[in-house]
Amino acid sequence: MVGAPYSGEVTTTESSSGVEELASVVIRFAGDSGDGMQLTGDRFTQESAVFGNDIATLPNFPAEIRAPQGTLPGVSSFQLHLADHDILTPGDTPDVLVAMNPAALKVNLGDLRRGGTIIVDTHDFTDRNLSKAGYASNPLEDGSLDDYVVHAIDLTGMTVASVEEFDLGRKDAARSKNMFALGLVSWMYGRETDTTAAFISARFAAAPDVRDANIAALTAGYNFGETTEAFGVRYEIGPAPMRTGTYRSITGNLALAYGIVASGVTSGLPVFLGSYPITPASDILHELSKHKRFGVTTFQAEDEIAGIGAALGASFGGALGFTTTSGPGVSLKSETIGLAVMLELPLVVVCVQRGGPSTGLPTKTEQADLLQAMFGRNGEAPVPIVAPQSPADCFDAALEAARIAVTYRTPVILLSDGYLANGSEPWLVPDVEALPAIEPRFATAPQNGDGPFQPYARDAATLARPWAVPGVAGLEHRIGGLEKADGSGDISYDPDNHDLMVRLRQEKVDRVAQDVGPTFVDDPDGDARVLVIGWGSSFGPIGAACRAVRASGISVAQAHLRHLNPFPADLGDVLQRYDRVLVPEMNLGQLRMLLRAKYLVDAVGHNRMRGLPLHVDELVEVITTLEKETR
Amino acid sequence: MTIELELTAKDFSSDQEVRWCPGCGDYAILKAVQGFLPDLGLRRENIVFISGIGCAARFPYYLDTYGMHSIHGRAPAIATGLATTRSDLSVWVVTGDGDALSIGGNHLIHAMRRNVNMTILLFNNRIYGLTKGQYSPTSEPGKVTKSTPMGSVDHPFNPVTLALGAEATFVARTVDSDRKHLTSVLSAAAAHRGTALVEILQNCPIFNDGAFDAVKKPDTKDDAIIPLVEGEPIRFGTDGRRGVVRDPEGGVRVVDVDDVGEDALLVHRVGLADPSTAFALSQLSGAGVLQQTPIGIFRQVDRPTYDDLAREQLETAGADTPDTKAALGALLAGHDTWTVA
Ligand SMILES: Cc1ncc(C[n+]2csc(CCOP(=O)(O)OP(=O)(O)O)c2C)c(N)n1
Ligand code: SF4
Ligand SMILES: [Mg+2]
């Protein structure tokens with residue numbers, strides 16, 4: 001998602017040498033949860049990224065660790081979009097499906113482009129597996145795949161044959177079939193397998209037989225592509241133009257964890273993470289627990305409440321407190337977020353949203369926790385909210401959340417989601433020296449010389465109160481959840497004081513907008529009548545849809561919100577400039593409700609809760625229809 | 001780390017008006033704490049009191065240290081984060097029986113099993129005071145309160161039993177009105193590394209008056225209090241006529257010393273690795289209206305603390321080494337990069 005905007009059509013040119021040039025392709029690897037499809041997808045992503053393609057990925061896996069083998073619920077998949085130009089989404093419809101068993105074919109076929117390519121491992125197409133997947137007859141034989149280009153190959157059999165020399169049982173030998181498939185696909189798309197071979201060597205260093213078998217399978221798959229007549233052509237997808245610099249590929253959860261580590265470095269504060277495992281946020285806890293070298297303490301608490309409580313206690317002591325969770329965990333943390341609002345201490349609450357309500361769809365994406373983040377507390381308890389728009393952007397969003405928390409002495413909620421968490425894209429590795437500094441500005445003495453310390457006196461510009469940490473003589477004070485007297489911070493039941501404090505806490509959060517730039521509106525034609533506005537991970541689909549709409553000759557403007565509370569100061573004006581405002585969301589219209597309430601704008605929604613990113617094709621249609629209505 | 005500070009009880013009193021009901025046991029505890037804090041030899045600014053919600057939880061407001069009156073039941077969790085990141089602080093938790101054992105039961109047991117450096121003062125009045133008199137998880141069976149007009153059918157927790165079950169490394173019980181005993185137990189608790197849990201029997205004259213009369217009234221006290229003294233045979237009652245022996249069926253029981261002879265009495269040892277004798281002693285209190293209870297330190301053993309171990313890992317990982325920015329640069333780049341020229 002970097003480089004020059006892409007505006008042309010997808011082009012396919014066939015060259016005489018049997019190499020076909022493609023502008024982009026969407027490949028989906030699908031198999032049983034135990035087949036290693038996530039790893040396969042990951043490696044192909046890495047190979048393509050190193051090659052210089054732009055990439056966007058969509059892992060999709062069941063909530064069950066090991067659903068029964070060969071069944072429909074047990075299917076795990078990894079979709080990846082690679083292109084010679086800047087792309088924004090992992091793609092709606094795969095061009096190529098690699099299916100390791102009948103269930104994987106059944107579950108994924110419906111998404112495949114008509115005429116697309118299917119590579120299946122015939123080994124698993126036994127009567128038993130076919131019936132497990134609900135097939136009455138073998139689709140490889142009954143003509144039901146006639147609309148597709150099918151390569152039916154005994155991947156397992158060839159894998160076993162290729163690793164014969166190693167000391168492995170048949171079952172273990174067959175396990176390398178994902179590497180055989182990867183080798184084959186790598187050949188098809190002209191990708192080098194060296195980085196994967198190096199990766200395998202490192203990963204299985206302790207098990208030489210497994211290591212060698214995997215590498216042998218990878219090579220065998222590649223060679224099979226080269227020697228067999230079955231694949232007439234290879235495809236070539238050139239590198240995408242990108243800004244100069246050093247790149248890596250990164251998932252949202254990793255970028256978020258790195259952002260947290262970086263916020264500790266740029267603020268000079270020790271980082272404390274209090275967290276309780278929950279999908280899809282746990283990887284942030286795992287990652288941060290590796291970075292003690294950066295002064296990052298991770299505390300796996302007894303529950304979500306303890307996780308945020310400990311983080312708040314650490315913040316009280318002058319550390320930068322973080323807690324990471326998903327929607328159900330935020331529900332449990334609500335009371336403590338309210339306490340943090342009252343205590344006016346820095347704290348970052350990361351919510352990696354998943355399908356809800358309740359346990360919902362643990363491994364699928366959704367963006368239905370916006371209103372919970374906004375209002376999910378008792379009393380008037382305003383909390384700034386930020387959201388990343390792409391996997392790599394999670395890094396910047398984490399830094400921004402930490403900056404607001406420290407500058408304004410407030411809890412901040414960061415709303416990521418399951419798609420961002422596990423999706424990946426190329427990331428221009430930032431220069432550490434150029435990262436914005438975060439200034440803790442601890443209180444060191446009472447405000448007026450010898451007078452009593454005023455823990456609730458405020459900074460004139462930000463309305464932030466002093467961060468006075470234990471250990472500093474002369475600043476001893478007590479804070480708590482009871483209402484405070486303005487300035488002194490003493491308990492106060494005074495009616496006018498309460499009215500004032502409620503307003504001050506709101507005003508402080510509103511002032512966050514003062515150092516947030518104007519809303520970025522992408523309106524290249526300058527004459528758009530429809531504005532499409534979104535937040536979070538729907539940036540990709542919305543952006544791709546807007547490009548497609550523009551390519552068809554229709555003007556459309558796109559805005560995307562990093563800050564959801566407070567909104568950028570000019571947002572009301574921006575919304576007024578357009579005839580129609582469309583708010584696509586993976587919820588029933590939560591941002592739309594906020595925009596309508598605040599700006600009295602008649603925004604319309606496009607809402608899908610399928611546990612998957614919004615479909616670009618659908619969005620194109622909705623935008624086009626809406627635009628026609630304005631004429 | 002004793003410093004000549006010459007602080008007095010007054011230095012630890014804040015300017016806030018104390019607002020407990022007249023005659024509340026909390027006053028006596030506050031006085032005792034204000035009186036003994038100067039003896040710790042710690043600077044005021046290095047002491048932090050964290051409380052939950054309840055009458056007891058107002059405590060931090062009245063001490064001129066750092067303090068946080070947090071939310072119901074969560075003080076041990078908050079204290080865990082503070083203690084883990086700030087080894088230089090003396091962290092105290094003040095909590096009630098409802099705060100600690102109902103809503104906050106989970107945090108309490110986990111703090112004790114982890115053995116985080118904090119001293120927990122559990123004010124047990126066997127009632128919900130602040131919410132005006134509902135039964136609590138320490139109320140006796142059959143207790144008639146606003147929410148149990150026909151008597152409570154809940155079996156209560158014994159806080160000491162619970163703490164021992166959670167393998168707390170320091171567990172003690174004392175009484176609000178016995179300042180000397182209170183002070184000596186608190187001093188030992190403060191000196192302990194790890195989590196120290198001190199149950200303080202606290203009278204609530206408004207909603208549960210007389211709950212601890214047995215251990216307070218001059219005429220019953222001697223027969224009700226079983227003093228636990230390190231290295232001493234466990235003996236009590238008028239002229240020390242009663243004592244505690246091991247029960248061959250398991251556990252311990254109270255006997256007449258004349259029946260068994262002095263040598264048969266159980267000698268109290270706080271440092272036993274196995275908590276089962278302490279556990280058995282804690283069961284002498286019974287679940288009903290208090291008639292008899294051991295007072296003193298039940299258990300005091302060494303075990304590495306969570307926060308020390310966590311800090312050690314940071315140190316091992318090189319948290320204090322320079323060139324953090326360069327290290328961050330290397331981390332962000334990772335191993336699989338490519339360059340666009
Ligand atoms: C989340 C929440 N639930 C309920 C309450 C109401 N509440 C306040 S104190 C309390 C019980 C306190 O009992 P205890 O801990 O024994 O303290 P005491 O008042 O007896 O000292 C309750 C139920 C609250 N403040 N917060
Ligand atoms: S209600 Fe009971 S515990 Fe609370 S302040 Fe009054 S006497 Fe003390
Ligand atoms: Mg109570």
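Because the structure is a prediction, the values reported are computed rather than measured.

Caption draft 1: Seen up close, the site of ligand 1. Surrounding ligand 1, one finds 17 residues, the nearest of these being Cys55, Asp97, Gly98, Asp99 and Leu130 of chain B. Looking at the residues close to ligand 1, they fall on chains A and B. Gly98 of chain B has a polar backbone atom sitting 2.9 Å from an oxygen atom of ligand 1. Contacts to ligand 1 include Asp99 of chain B, whose backbone N or O atom sits 2.7 Å from an oxygen atom. Alone, ligand 1 offers 590 Å² of accessible surface; in the complex the protein occludes 77% of this. When residues in the shell around ligand 1 are grouped by element, the largest group, 4 residues, is from helix H3 (residues 97-103) of chain B. Residues of the shell around ligand 1, tallied by class, amount to 7 nonpolar, 7 polar and 3 charged.

Caption draft 2: Examining helix H16 (residues 495-510) of chain A more closely. Residue and element names in this part refer to chain A. For H16, built from 16 residues, the straight-helix expectation of 22 Å at 1.5 Å per residue is met to within 8% by its first-to-last C-alpha distance of 23 Å. Among the residues of H16, those classed as buried are Asn497, Met501, Leu504, Arg505, Lys508 and Val509. Buried residues in H16, looked at end-on, bunch into an arc of 125°, giving them a common side. Relative to its buried face, H16 has exposed residues pointing more than 90 degrees away, namely Pro495, Asp496 and Arg503. Lining the buried residues of H16 we find helix H12 (327-343), helix H14 (393-408) and strand S22 (563-565). For H16, the N-terminal cap is Asp494; the gap from its side-chain oxygen to the backbone nitrogen of Asp496 is 3.3 Å.

Caption draft 3: Broad picture of the nonpolar core. Membership of the largest hydrophobic core comes to 163 residues, with the highest contact counts inside it found for Ile533 and Leu595 of chain A together with Leu328 of chain B. Beyond its immediate sequence surroundings of up to four residues, Leu328 of chain B is in contact with Val261, Ala262, Val265, Phe294, Val432 and Leu435 of chain A. Counting residues in each nonpolar core, the second largest holds 48 residues, with Leu22, Val185, Tyr189 and Ala216 of chain A among its members.

Caption draft 4: View of the confidence of the model for chain B. Here chain B shows a mean pLDDT of 96. Residues at 70 or above account for 99%. Overall fold confidence for the complex sits at a pTM of 0.94, while the interface term, ipTM, reaches 0.97.

Caption draft 5: Focus on the UniProt feature "domain: Pyruvate/ketoisovalerate oxidoreductase catalytic" (unreviewed entry) in chain A. Those places that UniProt annotates as "domain: Pyruvate/ketoisovalerate oxidoreductase catalytic" (unreviewed entry) correspond, in this numbering, to residues 34-223 of chain A. The span residues 34-223 of chain A is 42% helical and 16% strand by assignment, and the distance between its end C-alpha atoms comes to 25 Å.

Caption draft 6: Here's a closer look at the sheet that holds strand S6 (residues 96-99) of chain A. Residues and elements named next belong to chain A. On the basis of which strands lie adjacent, the open sheet formed by 6 strands has the order S4-S5-S3-S6-S7-S8 and mixed pairing. Edge positions in the sheet fall to strand S4 (54-60) and strand S8 (149-153), since each has one partner strand and no second. Sheet twist, expressed as the mean angle between neighbouring strand axes with direction ignored, is 15°. Relative to strand S7 (residues 117-121), S6 runs parallel, the two sharing 4 bridges. Looking across to S7, one finds that Val96 is bridged to Thr117. Contacts from helix H1 (residues 37-51) reach strand S3 (24-32), S4 and strand S5 (75-83), with the element oriented near 10° to S5.

Caption draft 7: The domain arrangement of chain A, seen in detail. All names here are of chain A. Per the domain assignment, the segments making up chain A are domain 1 (13-237), domain 2 (248-434) and domain 3 (521-629). Centre-to-centre separation of domain 2 and domain 3, based on C-alpha positions: 26 Å. Opposite the 28 residues of domain 2 that make contact, domain 3 presents 23 residues. Buried area between domain 2 and domain 3, both sides added, is near 2100 Å², and the carbon and sulfur share of it is 60%. Our count for the contact surface shared by domain 2 and domain 3 stands at 1 salt bridge. Note that Asp393 and Arg562 form a salt bridge whose closest N and O atoms lie 2.8 Å from each other. Here domain 2 is connected to domain 3 by 15 residue pairs in polar contact (both at pLDDT 80 or more). If you list the elements that add at least two residues to the side of domain 2 that touches domain 3, you get helix H13 (370-375), strand S15 (385-386), H14, strand S16 (411-417) and helix H15 (418-422). Considering every element that reaches the side of domain 2 that touches domain 3, the biggest residue donor is H14, with 5 residues. Its residues assigned to classes, the side of domain 2 that touches domain 3 comprises 17 nonpolar, 4 polar and 7 charged.

Caption draft 8: Looking closely at the pairing of strand S2 (residues 66-69) of chain B. Residues of S2 of chain B alternate between two faces, with Tyr66 and Met68 of chain B on one and Gly67 and His69 of chain B on the opposite face, all of them buried. Where strand S18 (residues 478-480) of chain A lies against S2 of chain B, 3 bridges are found, and the strand directions are parallel. Among the inter-strand pairings, Arg478 of chain A is bridged to a residue of S2 of chain B, identified as Gly67 of chain B.

Caption draft 9: Structural detail: the packing of aromatic side chains. Counted by the stated rule, this structure contains 17 aromatic pairs over all chains. On the basis of an interplanar angle of 35° and a centroid distance of 6.2 Å, the ring pair of Phe272 of chain A and Phe299 of chain A is categorised as tilted. In this pair, Phe272 of chain A sits in strand S11 (residues 271-275) while Phe299 of chain A sits in strand S12 (residues 296-300), placing the two residues 27 residues apart along the sequence. Residue Phe272 of chain A is classed as buried on the basis of its relative accessible area, which comes to 0%. Exposure remark for Phe299 of chain A: the relative accessible area of 1% places this residue in the buried category. Ring geometry for Trp20 of chain B versus Tyr62 of chain B: centroids 5.0 Å apart, planes at 80°, classification edge-to-face. A residue pair is termed long-range when its members are at least 10 positions apart, and Trp20 of chain B in the segment before helix H1 (25-36) and Tyr62 of chain B in the loop between strand S1 (47-51) and S2 qualify at 42 residues.

Caption draft 10: Structural context of the environment of Met179 of chain A. Residue and element names in this part refer to chain A. Note on placement: Met179 falls in helix H6 (residues 177-188). Owing to a relative accessible area of 3%, Met179 belongs among the buried residues under this scheme. Sequence separation between Met179 and Tyr222 is 43 residues, and the spatial gap between their C-alpha atoms is 9.6 Å. Look past the residues within four positions of Met179 in its chain and what remains in contact with it is Leu39, Thr196, Ile200, Asn214, Ala217 and Leu218.

Parameters at a glance
- Residues numbered from 1 in each chain as written.
- Chains lettered and ligands numbered in written order.
- Predicted model: local features only at pLDDT ≥ 70, side-chain atom pairs only at ≥ 80, totals over all residues.
- Heavy atoms only, no water.
- Near = heavy atom within 4 Å.
- Polar contact = N/O pair within 3.5 Å; in protein donor to acceptor, adjacent residues only side chain to side chain.
- Areas by Shrake-Rupley, 256 points an atom, 1.4 Å probe, with all protein chains shown as cover.
- Helix = DSSP H or I, 4+ residues; strand = E, 2+ residues; numbered from the N terminus.
- Nonpolar A, V, L, I, M, F, W, Y, C, P; charged D, E, K, R; others polar.
- Expected span 1.5 Å × (residues − 1).
- Buried < 20%, exposed > 50% of the residue type's maximum accessible area, 1.4 Å probe, protein only.
- Arc of directions from axis to C-beta.
- Contact = heavy atoms within 4.5 Å.
- Core = buried A, V, L, I, M, F, W, Y, C linked by side-chain atoms within 4.5 Å.
- pLDDT = per-residue confidence, 0-100.
- UniProt positions renumbered as here; feature names shortened; annotations may be inferred.
- Pairing = 2+ DSSP bridges.
- Axes fitted to C-alpha atoms, helices over the stretch in contact; angles between N-to-C directions.
- Domains from an automatic or database assignment.
- Buried area = accessible area lost by both parts, 1.4 Å probe.
- Salt bridge = Lys/Arg side-chain N within 4 Å of Asp/Glu carboxyl O.
- Phe/Tyr/Trp six-rings, centres within 6.5 Å; stacked < 30°, edge-to-face > 60°.

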